[in-house]
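Architecture at a glance
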Amino acid sequence: MIPDKNDPILVTGGGGYLASWILKHLLDDGYRVNTTVRDPSNADKNSHLLGLSGKYPGKLDIFKAELLEAGSFEKAMEGCRLVIHTASPFKVMKVRDAYRELVKPAVTGTENILNSVKNNPAVKKVVLTSSVAAVYGDGSEIERTEEGTFSEKDWNNTSRLNYLPYSYSKALAEKKAWELAGSQNSWQLAVINPGFVIGPSLSKRIDGTSVGIILSMANGKFRTGVPDLYFGIADVRDVARAHVLAGFNSKALGRFIVTAESLSMPDIAAILVNLFGRRYPFPRSRIPKSLLYIFGPMLGYSWNYIRNNVAVPIRFDNSRSKNILGLKYRAPAETLKDHIDQLERDELLP
Ligand code: NAP
């Protein structure tokens, strides 16, 4: 499906780290975009949107919408054939009420948006941002996979409201989307399951989890060392491109894992040291698992989490993203270099 360049495309959560790049790709490609934010008057959160709207006059419309309010996205959805739904809370630390902060907005938000899609026969395709967090919870789930690799066939079996609740929220929200997609014939669903997204941000926001973790690698917060935790890494620009490719390709249906490579936190630190030397206080050591059992609980890591994730390498099959979407991946070193350069340029590093 190639939308007419005059029909708007809805991208939810345009103030966010990932959605900003989806907007930029669409606008650079000549499309009209409707986007939503919770608070259009918040200049700190939305200044990059005003920049894009100045660069592309008449191409970007910003609407106010809230995931928990039924019908909130209907106005922004008017006239759209393609809806890209990214808005969802992304928080892994300092979660006090997991249901209220994560699960309810993720699941109710998905339900509200897809109910609005149901009321809008113009919409033919929905691209949902899920996560590899919906594919697995604990890294140790790798043991039950075919060939020791996570693929689109896998679902998170270990996360709960009181254990990795962000991952739980993503799994529940994605399941809700498949349930609603399966109950109708009017629109089709593609789901993007990105790994840990890093790379340059279009805004100076530092409240997001991805930006916060890379900032912590460079500002000395992790100076004493990092745990041997493994992630599938993906460049924010590649993840954004995957959404656009999925939206426009009628064969792009189902789930798409989007990760370039699996790296541990010490691997990421080593790449940063290699690129930037001693310019920033990057982590220089790996915290032994035995030490984490002692100090981890004080830092928010439970014994269960340490046992099932630390020093447990994981791998992902990204072949559907390459073969069906035609996605090309940047190397993690390029992503990390561009990310630190952007933080430096925006004077966000010490
Ligand atoms: P982000 O910068 O924190 O963006 C989250 C977006 O969700 C923001 O635009 C936020 O709006 C919006 N949002 C949160 N709660 C909302 C609510 N109640 N009503 C309306 N909007 C709400 O995080 P991100 O990294 O770009 O994440 C975007 C999506 O990618 C999420 O679905 C996340 O789960 C998924 N994802 C991210 C990663 C990653 O590593 N970053 C990996 C896999 C999947 P405000 O601008 O108003 O705060």
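Described below are features of the structure shown in this document. The numbering scheme is per chain: residues are counted from 1 as the chain's sequence reads. Residue-level local features of this predicted model are given only where pLDDT is at least 70; pairs of side-chain atoms are given and counted only at 80 or more, and the full residue set underlies all totals for whole chains, interfaces and linings. Just so you know, side-chain values use all the structure's heavy atoms and leave hydrogens and water out.

1. Comments concerning the site of the ligand
Residues in contact with the ligand amount to 25 residues; listed here are only the nearest, T86, Y166, K170, V197 and S210. Between V197 and the ligand, the recorded distance is 2.8 Å, taken from a backbone N or O atom to an oxygen atom. Exposure was quantified through the Shrake-Rupley algorithm and a 1.4 Å probe, taking into account, for residues, occlusion by the shown protein chains and nothing else. When the free accessible area of the ligand is taken as 880 Å², the share hidden by the protein chains comes to 93%. Secondary-structure elements contributing two or more residues to the shell around the ligand are α1 (17-28), α5 (165-181) and β7 (196-198). One heavy atom within 4 Å of a molecule or strand is enough for the residue carrying it to be called near that molecule or strand. By the criterion applied in these results, polar contacts are pairs of N or O atoms within 3.5 Å in which, for protein atoms, one can donate a hydrogen and the other can accept it, and in which residues neighboring in sequence qualify only through two side-chain atoms. Runs of H or I in DSSP of at least four residues are treated as helices and runs of E of at least two as strands, each being numbered from the N terminus.

2. Details of the sheet that holds strand β4 (residues 82-85)
Only strands joined by at least two bridges in the DSSP assignment are considered to pair. Strand order in the open sheet formed by 7 strands is β3-β2-β1-β4-β5-β6-β10, with parallel pairing between adjacent strands. Two strands lie at the open edges of the sheet, namely β3 (60-64) and β10 (254-258), each paired on one side alone. Within this sheet the neighbouring strands show an average axis-to-axis angle of 20°, counted without direction. Note: strand β1 (residues 8-12) against strand β2 (residues 32-37), 4 bridges, orientation parallel. In the sheet register, V11 faces β2, and the bridge partner there is T35. Residue contacts are counted whenever heavy atoms from the two residues lie within 4.5 Å of one another. Here an angle of 0 to 180 degrees is reported between the N-to-C directions of two axes, which are lines fitted to C-alpha atoms, with helices fitted over the stretch in contact. In this fold helix α4 (residues 98-118) packs onto β1, β4 and β5 (125-129), with an angle of close to 175° to the strand it touches most, β4.

3. Concerning the packing of α1 against helix α2 (residues 43-55)
α2 packs onto α1 with a crossing angle of 0° between their chain directions and a minimal axis gap of 11 Å. Considered as vectors, α1 and α2 are oriented roughly parallel to each other. Each of S20, L23, K24, L27 and D28 in α1 lies in contact with α2, whose residues at this interface are H48, L49, L52 and K55. Each residue is assigned to one class: nonpolar for Ala, Val, Leu, Ile, Met, Phe, Trp, Tyr, Cys and Pro, charged for Asp, Glu, Lys and Arg, and polar for all the others, Gly among them. Residue classes in the contact of α1 with α2 are distributed as 4 nonpolar, 2 polar and 3 charged. The cut-offs work like this: below 35 degrees is roughly parallel, past 145 is roughly antiparallel, 65 to 115 is roughly perpendicular, and the gaps in between are oblique.

4. A look at the nonpolar core
Here the nonpolar core consists of buried residues drawn from Ala, Val, Leu, Ile, Met, Phe, Trp, Tyr and Cys, with membership extended through side-chain atoms lying within 4.5 Å. With a 1.4 Å probe rolled over the protein chains alone, any residue whose accessible area is under 20% of its type maximum counts as buried; one over 50% counts as exposed, and the rest are partly exposed. In this structure, L26, I192 and I340 are the most contacted members of the largest nonpolar core, which totals 65 residues. No other element matches the 8 residues that α1 contributes to this core. Aside from chain neighbours lying at most four places away, what touches L26 is I9, V11, Y31, V33, I84, V244 and F248. The next biggest cluster of nonpolar side chains, apart from the first, holds 21 residues, and it includes A76, V123, V126 and W187.

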